[in-house]
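# Descriptive structure summary
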Amino acid sequence: MIRPAHTHTHTHTRANARRADWLSARLAHVAAEAELSVPFADELPSRRAQLEALRSSEFDVLVVGGGATGAGCALDAVTRNLKTALVERNDFSSGTSSRSTKLIHGGVRYLQKAIMQLDYEQYMMVKEALHERANLLEIAPHLSAPLPIMLPVYKWWQLPYFWAGIKMYDLVAGVQCLKSSYVLSKSKALELFPMLKKDKLVGAIVYYDGQHNDARMNLAIALTAARYGAATANYTEVVHLLKTGDPNGGPDRVCGARCRDVITGEEFDVKAKCVINATGPFTDSLRRMDDQQTENICQPSAGVHIVIPGYYSPDNMGLLDPATSDGRVIFFLPWENMTIAGTTDTPTQVTAHPIPGEDDINFILTEVRNYLSPDVEVRRGDVLAAWSGIRPLVTDPSSKDTQSICRNHVVSISGSGLVTIAGGKWTTYRSMAEETLDAAVRAHGLRAEPCRTVGLVLEGGKGWSPTLYIRLVQDYGLEKEVAQHLASTYGVRAFDVAKMAQVTGQRWPIVGKRLVSEFPYIESEVIYAIKEYACTAIDVLARRTRLGFLNVQAADEALPRIVAIMGQELGWSQERRTLESARKFLYHEMGYRSRSEQLTRTSEINLDNQEVVRYKKRFHKFDKESKGFITTVDVQRVLESINVHIDENALHEILNEVDLNKNGQVEIDEFLQLMSAVKKGQVSDSRLAILMKTAEETLDERGPVTVDRSGGGV
């Protein structure tokens, strides 16, 4: 939080005052929530109805930006009984808010800096974030949970040093400490995290932070605002700001925005007494709409994360690398049954479509290798998805030193009355929104109630319990894994999704057809996503479900079915049912391109003579006529000889992954390039490589096969 330079208060007084404020807010929130009406408690208004409300009403507050901060501002405003609108030019959480490390944390490293540099402002920032962490875990218990994080120690002198720092983190949290940190011996650390490097390990310290499903959390905030009556619309961009003359002769005042429905192209005016700019990395674009001469305050920084298989980490234990080779911090965390690792921190240009770079992916993999046992081979081919998020670091426009990066966030009000909230972090979205609305109410003389968002339960949270999934299994006949996923994604709204689920026709599960076999996402979630304002297949792949973030190949497989369901529900034309934009998103923004480029026509063949002979022998078991290439017919013939049957379309897909020149066949050089890439770890889980190896082993076990039995194939 940015405080005026003339504010001087004693540490204890401010800390006690803040604690008293929090207690009074907590005591009041139940009563406040009871007073609030929820006009759309039963059913959310459609997107069309929301757009009509935007056109036909005048609002107290118009929030531009549907990320965590913008959605937080809308929820804060509407629960103060202000007439509120929210517009987002893409989808809710389509930017930075869905591309975080998935942690709800105070920031251990910020506390370290605060102590080492005797920086009171940084200390208060950590304290505020820890307060917000506790609140967020309470208001969305289905989407968030405490997570133990291990800090491995490889030098004896570091043990008391790190222990003191982590204990201080617990102390700053006070009564809101999730669980007390503790020290582990080397043997106990390896028992809990068996993949850890044993050499020189002294012991470990375990502390607790929060973890959440960031995109679903963002969506829950926006949907809660909509339920309380905020006119909320995604795919609605601001074309320019509306202004009116100041009766006192000052500069023109902002009084709304000209908006465009991105889907239909239709433009309309949204009138509002106050406009709040909460556009994250795009902060300066909206500020320049207000004043073309204004200086930029956003200094964007890119953070890349990767997702690797769940077997790289224990189910419920994260890892913190406090000092990477270049001084950055890397987290290594279990998330959605996978393992997430990141992040990097490099200056970048502002773009709506950030792309993860190969250098950043390899940097993270190298750091992961440094902490894991040599027994665990960390392969480039195991990267199932990768993404880049743009963190909007800011300079304070009111500061004399405009080059200094602000550690926290900035709330500023322009001469024309545009309120800008910039910077900050996911965990503190609520307190940032509260501060922004306080400033907006003062600057524009709005008649508003006090802030009511402390303890205000988000969409799906009220009535949720950890055993709710059991009722879903018992009442609807869902698989346990699917029921657990629905309960932890939708909370009590999971019953609405289950009611829409189709009968499978199998003995078990009774309902719930999966979109892809290895993930618990089901087809009825696509239909429900439309009720949650999903407008494109990307919205479903990336933010209503998290499939695009977890496994790009699985997302690509699910895509045709998602488009078919959405097309049927929304009455799309054949042209609208294209897979092109979603495939482009997976290819560039979710790391599919980086993954596919591990095997290219120019890939080097790095095999020794024995390996070349072995793989050529394997290839010729399929290429009986010595053509120098194999087709689906060759593979199908060998598989049938060993009683293995694969669908022809699936077989085409398997060969297409290796067919680098896309001529419908796999040449011997392409096969050797594949095996070389597998050897180097650049490619893993190649279906063709595993299929051919298995077939060869089966044929070798059987010995010679008669021509009659094989159909002449072997």
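Residues numbered from 1 in each chain as written. Predicted model: local features only at pLDDT ≥ 70, side-chain atom pairs only at ≥ 80, totals over all residues. Heavy atoms only, no water.

Looking at an unreviewed UniProt entry, the chain carries the name Glycerol-3-phosphate dehydrogenase, mitochondrial, with the source organism given as Salarias fasciatus. In its Sequence similarities (unreviewed entry) section, the UniProt record describing the chain reads: "Belongs to the FAD-dependent glycerol-3-phosphate dehydrogenase family." Taken from UniProt, the Pathway (unreviewed entry) comment for the chain reads in full: "Polyol metabolism; glycerol degradation." (UniProt positions renumbered as here; feature names shortened; annotations may be inferred.)

Now for the overall build of the chain. Summing up its helical and strand segments, the chain has 26 helices and 21 strands in all. Taken over the C-alpha trace, the chain has a radius of gyration of 28 Å; the compact-globule value for 714 residues is 27 Å, and the two agree within 12%. Of all 714 residues assigned to the chain, the portion counted as buried reaches 56%. In the chain, of all internal contacts separated by at least 6 residues, the share reaching a separation of at least 24 is 72%. In the form shown here, the chain has an accessible surface area of approximately 31,000 Å², with 51% of it arising from carbon and sulfur atoms. Computed over 82 positive and 88 negative side-chain charges, the separation of the two mean positions in the chain equals 3 Å. (Helix = DSSP H or I, 4+ residues; strand = E, 2+ residues; numbered from the N terminus. Rg over C-alpha atoms; globule rule 2.2 N^0.38 Å. Buried < 20%, exposed > 50% of the residue type's maximum accessible area, 1.4 Å probe, protein only. Contact = heavy atoms within 4.5 Å. Areas by Shrake-Rupley, 256 points an atom, 1.4 Å probe, with all protein chains shown as cover. Lys, Arg positive; Asp, Glu negative; His and termini not counted. Charge placed at Lys NZ, Arg CZ, Asp CG, Glu CD.)

Here we take up the packing of aromatic side chains. Any pair of aromatic rings gets described here by the distance separating the centres and the angle formed by the planes. Overall, the coordinates contain eleven aromatic pairs when judged by the stated rule. With centroids separated by 5.6 Å and ring planes inclined at 40 degrees, the aromatic side chains of F619 and F671 adopt a geometry described as tilted. Note that F619 is positioned in helix α21 (residues 609-622) and F671 in helix α24 (residues 668-680), a separation of 52 residues in sequence. By relative accessible area, which is 0% here, F671 ends up buried. Site record: aromatic cluster; members linked through ring pairs are W157, Y161 and F162. Over the aromatic face of F282 sits the side chain of R89, whose NZ or CZ is 4.4 Å from the ring centroid. (Phe/Tyr/Trp six-rings, centres within 6.5 Å; stacked < 30°, edge-to-face > 60°. Lys NZ or Arg CZ within 6 Å of the ring centre and 35° of its normal.)

On to the environment of T632. Inspection of the secondary structure assignment puts T632 in helix α22 (residues 632-641). In this structure the C-alpha to C-alpha distance between T632 and E653, which are 21 residues apart in sequence, comes to 9.8 Å. What T632 contacts, discounting residues up to four positions off in sequence, is L651, H652 and L655.

Moving on: the nonpolar core. For soluble globular proteins, the rule of thumb is that nonpolar side chains tend to be buried together. Residues I149, F331, F519, L547, I562, M566 and L586 are the most contacted members of the largest nonpolar core, which totals 62 residues. Top contributing element to this core by residue count: helix α18 (residues 552-570), with nine residues. Residue-level mapping places this core at the junction of two domains, with at least three residues from each of domain 2 (103-211 + 300-392) and domain 3 (467-596). Listed in part, the 46 residues of the second largest apolar core include V63, A68, L143 and A226. (Core = buried A, V, L, I, M, F, W, Y, C linked by side-chain atoms within 4.5 Å. Domains from an automatic or database assignment.)

Moving on to empty space enclosed by the protein. In the structure shown here, the tally under the stated rule is six cavities of 30 Å³ or more. Empty space within the second largest cavity amounts to approximately 60 Å³. Forming the boundary of the second largest cavity are H142, L143, R216, A220, L223, E459, T489, Y490, R493, Y528 and E532. Among the elements that take part in the lining of the second largest cavity, helix α8 (residues 214-227) stands out by supplying three residues, more than any other. A domain split of the lining of the second largest cavity shows at least three residues from each of domain 1 (18-99 + 216-297 + 396-444) and domain 3 (467-596). (1 Å grid on protein atoms, 1.4 Å probe; cavity = no way out; pocket = protein on both sides within 12 Å on 5 of 7 lines; lining within 4 Å. Points joined across faces, edges and corners; volume = space filled by probe spheres on them.)

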